[in-house]
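# Structural description and commentary
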Amino acid sequence: MAGLEEVELEFLRSQRIGRLATVGPRGQPHVMPVMYQLLEDGSLEFDADGVKLRNLSGEPRVAFVVDAMGPKRGVAIQGRASVVGHERARLEPRRTYSWGLGS
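Residues numbered from 1 in each chain as written. Predicted model: local features only at pLDDT ≥ 70, side-chain atom pairs only at ≥ 80, totals over all residues. Heavy atoms only, no water.

### A short note on the pairing of strand β6 (residues 88-99)
Relative to β6, strand β3 (residues 44-47) runs antiparallel, the two being bridged by 4 bridges. Counterpart to Glu-45 in the pairing with β6 is Arg-90. Where strand β5 (residues 73-85) meets β6, 11 bridges bridge the pair, whose relative direction is antiparallel. Across the sheet, Gly-85 pairs through a bridge with Arg-88, a residue of β6. (Pairing = 2+ DSSP bridges. Helix = DSSP H or I, 4+ residues; strand = E, 2+ residues; numbered from the N terminus.)

If you want it as structure tokens, here you go:
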């Protein structure tokens, strides 16, 4: 699992909503806003129902973005998500990118 930098963790803790991109059965992306919880190990948990749940069941690769404007800053995460409970999923970061967060 990719390690998030402390500045990235601080930013993720300061936000509540991100955008999750899953892959549909025909290869089409599906992007939806989700509320997330950052866990101590650097993974993120979020609700997964409907299309998100169906997509994750067939293809675990996802992308997740949390950003803020004024000033522009954010964290983008690529990784794999798995269903961990009733309509609940966990994203394990594999690659991360950030911008505007300082050093």
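Structure shown, so let's carry the discussion forward.
### Observations regarding the side chain of Lys-52
Inspection of the secondary structure puts Lys-52 in helix α2 (residues 50-58). Excluding residues that lie within four positions of it along the chain, Lys-52 makes contacts with Leu-20, Thr-22, His-30, Met-32, Val-34 and Asp-47. (Contact = heavy atoms within 4.5 Å.)

### Considerations on the pattern of salt bridges
Under the counting rule described, the total for this entry stands at 7 salt bridges. The partner of Asp-67 in a salt bridge is Arg-19, and the shortest N-O contact between them spans 2.4 Å. Taken together, the positions of Asp-67 in strand β4 (residues 61-68) and Arg-19 in strand β1 (residues 17-23) put the pair 48 residues apart, joining distant regions of the chain. Using a relative accessible area of 28% as the deciding quantity, one classes Asp-67 as partly exposed. The salt bridge partner of Lys-52 is Asp-49, with a shortest N-O separation of 3.5 Å. (Salt bridge = Lys/Arg side-chain N within 4 Å of Asp/Glu carboxyl O. Buried < 20%, exposed > 50% of the residue type's maximum accessible area, 1.4 Å probe, protein only.)

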